[in-house]
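The chain contents come next:
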Amino acid sequence: MEYLVTSAEMKRCDGNTIEHFGMPSMVLMERAALACAEELIARDKKLKEAMRPFGPVPPANRTLVAAGTGNNGGDGLAIGRLLSQAGFPVDFVLLGKEEKCSAETAAQLKILENYGYRVMRKLPEREYDIIIDSIFGIGLTRPVEGSFAEAVEYINAQDAYVLSVDIPSGIHGDTGEVMGCAVQADVTVTFGFRKLGLVLYPGARYAGKVLCADIGITQEGFLGEYPRIFTWNKEDRGFLPVRLQEGNKGTFGKVLLIAGSRGMAGACELSAAAVLKSGAGMVRAVTPESNRVIMQTALPEAMLTTYEKWTPQAEEKLREACAWANVIAVGPGFGKSPEALRILEAVLKQTMQPLIIDADALNLLSEHRELLDELIQRQQEPETRRELILTPHPGEFGRLAGKKTDEIQKEAAALTLEWAARLQAAFICKGARTLVGSPEGRLYMNLTGNSGMATAGSGDVLTGILAGLSAQGMHAFDAACAGVYLHGMAGDRAAHKKSEYGVTAGDLTLELEALFPELLKKLQ
Ligand SMILES: NC(=O)C1=CN([C@@H]2O[C@H](COP(=O)(O)OP(=O)(O)OC[C@H]3O[C@@H](n4cnc5c(N)ncnc54)[C@H](OP(=O)(O)O)[C@@H]3O)[C@@H](O)[C@H]2O)[C@@H](O)CC1
Ligand SMILES: [K+]
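Residues numbered from 1 in each chain as written. Chains lettered and ligands numbered in written order. Predicted model: local features only at pLDDT ≥ 70, side-chain atom pairs only at ≥ 80, totals over all residues. Heavy atoms only, no water.

**Q** Got a minute to help me understand the coordination of the potassium ion (ligand 2) in this structure?
**A** Expected angles at a metal are 109.5 degrees for tetrahedral coordination by four donors and either 90 or 180 degrees for octahedral coordination by six donors. Every protein donor of the potassium ion (ligand 2) is accounted for by Asn72 (OD1), Asp133 (O), Phe136 (O), Val165 (O), Ile167 (O) and Ser169 (OG), and the metal-donor separations fall at 2.6 to 3.1 Å. Between the six donor atoms coordinating the potassium ion (ligand 2), the angles at the centre fall across 67 to 175°, so the site counts as irregular. Taken in sequence order, the residues that donate to the potassium ion (ligand 2) follow the motif N-x60-D-x2-F-x28-V-x1-I-x1-S. Linking Phe136 in the loop between β5 (130-134) and α5 (146-157) with Ile167 in the loop between β6 (161-165) and β7 (187-191), this pair joins segments that are 31 residues apart in sequence. (Donors = N, O, S within 2.8 Å, 3.2 Å for Na, K, Ca; no water. Tetrahedral: all angles 85-135°; square planar, octahedral: opposite > 155°, others 65-115°. Helix = DSSP H or I, 4+ residues; strand = E, 2+ residues; numbered from the N terminus.)

**Q** Hey, could you run me through the sheet that holds β6 in this one?
**A** To summarise the sheet geometry, strands pair through backbone hydrogen bonds and adopt either a parallel or an antiparallel arrangement. Taken together, the seven strands give an open sheet; going across it, the order is β4-β3-β2-β5-β6-β7-β9, and neighbouring strands pair in parallel fashion. Of all strands in the sheet, those with a lone pairing partner are β4 (119-120) and β9 (209-213), marking the two edges. Here four bridges tie β5 to β6, and the two strands are oriented parallel to one another. Bridging from a neighbouring strand, Ile131 pairs with Val162 of β6. (Pairing = 2+ DSSP bridges.)

**Q** Mind showing me how you'd approach the site of ligand 1 here?
**A** The environment of ligand 1 is formed by 24 residues, the closest being Asp75, Lys100, Gly137, Arg142 and Asp166. In this structure, an oxygen atom belonging to ligand 1 sits 2.6 Å away from a main-chain N or O atom of Gly137. Between ligand 1 and Gly139, the relevant distance is 2.8 Å, taken from an oxygen atom to a main-chain nitrogen or oxygen of the residue. About the coverage of ligand 1: the protein hides 82% of its 940 Å² of free accessible area. Here ligand 1 is seated within the largest pocket. Here the residues of the shell around ligand 1 sort into 10 nonpolar, eight polar and six charged. (Near = heavy atom within 4 Å. Polar contact = N/O pair within 3.5 Å; in protein donor to acceptor, adjacent residues only side chain to side chain. Areas by Shrake-Rupley, 256 points an atom, 1.4 Å probe, with all protein chains shown as cover. 1 Å grid on protein atoms, 1.4 Å probe; cavity = no way out; pocket = protein on both sides within 12 Å on 5 of 7 lines; lining within 4 Å. Sits in = over half its atoms within 2 Å of the grid points. Nonpolar A, V, L, I, M, F, W, Y, C, P; charged D, E, K, R; others polar.)

**Q** Just checking my understanding: could you explain the nonpolar core for this structure?
**A** Note that soluble globular proteins tend to have their nonpolar side chains buried in a common cluster. Among the nonpolar cores identified, the biggest contains 97 residues, and Ile389, Val436, Tyr444 and Leu486 are the most heavily contacted of them. Sequence-distant contacts of Ile389, that is, excluding residues within four places in its chain, are made with Leu355, Ile356, Ile357, Ala426, Ile428, Leu466, Ser470, Ala476, Ala479 and Ala480. Core analysis: the second largest hydrophobic core is formed by 57 residues, Leu4, Trp324, Val347 and Leu372 among them. (Core = buried A, V, L, I, M, F, W, Y, C linked by side-chain atoms within 4.5 Å. Buried < 20%, exposed > 50% of the residue type's maximum accessible area, 1.4 Å probe, protein only. Contact = heavy atoms within 4.5 Å.)

In structure tokens:
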């Protein structure tokens, strides 16, 4: 588990490390500088080794430190000093007025002066091999303009390898927004914790490769008041449902998947396949009779309960199917027909099992507010509350919340938590950075996945995974976080083979089955 922090959360942690624990600020700065310098020295060594067979190795890379007056600039000046001492030819330029320098940055200037370095006040007209971007870090408070904007353009116009210190200058630390203009980095070395601006788009694009350096700022610096958002990274493996060796198909759960409509068998098939490939014991699909042949051909492992018109017999068949299941998922390719509405109504009112609501089932809730209100009401009462996962993309979320899609995107974190609390649900807001909110206010941001997954059927696969994990006994929030994480990993494997252009939803289910052995191997 890794925290993703806002600028304010990071500053609080920095501040506590310095004031509460007594770690001198200059020590942190020196460690930050060392982490960046080591990255560049290692790169230089690698380049030289690669060039050695082809003749004399060229001299060290000419480097420019572009420093602002805040502590980010102080980091940059210290990096330049360390690189120079390691043999790099380094030029320094200070942008902004010297009298505005923070105490630490003023101290770094003094150290440079003591060693006899010259710090320019204007950008030089020459080409560099490496540029250290340390104009602004997490102290950026407003759009970048004037001479600072010129400096950003200067850096971006150079054919240099750019290392951004902490965050590319011009990127908002909390939102990833470009504040007027921003440095395009090749690598960003960030300190302590990854800033949200480095993982949210477009910031993630500007940051290049992101390395998170340990400079002695640890979780203890939060003094028990932890950041709001967390994610999982490659080291996290403990989220897979425990598998009992003596288990049978009943132990691993029975999923009732209510999906598909006339002419929409694919959504049902994709989703049902994902249920089975996530480890659930059985899946029974409730779908129109016209999908029977396709389903039985494509996925003979799935059981079927079909319907045509909404009759008392159909209702009875649904009731029996619901009684059989441990988990119910409703929505993929479901349509908004009168039958679909009746089925959703019956599921919401007559069942208590864990429930996943997706796609058209969400749209039906938006259009029939009385159903939504009743669901909210039931979820607020402990006796009628069930394990619940909702999976809207921003468009569906907007319809549910009565807001425009861009309003949802701007306030995604706050709205996800608001709706998670309202529905006492694991609330998934899908997107390039999918969020999962819990009713208690936990917020998970998913960092796996890629643009190739923005493809028809991808959400149906996610619903299948969520149902499969829930059927194996995972609680809603754990299943939701694990589900989006695995879904994204499957997408990343698919994109690795086919590129982001070629990924289809079917690839996601295929990759899912290849993913588990890999995860289990790493667990051992
Ligand atoms: N000990 C620590 O805490 C450690 C901190 N560390 C490092 O410190 C960084 C944070 O440092 P920071 O807080 O000094 O802010 P920073 O990003 O350097 O810039 C703020 C300056 O820019 C100015 N300014 C802002 N926006 C502007 C604009 N648009 N246009 C023009 N000016 C603008 C603002 O001035 P003002 O708003 O007052 O005008 C202020 O002078 C952090 O990212 C990390 O690299 C590491 O060394 C580890 C230890
Ligand atoms: K920077």
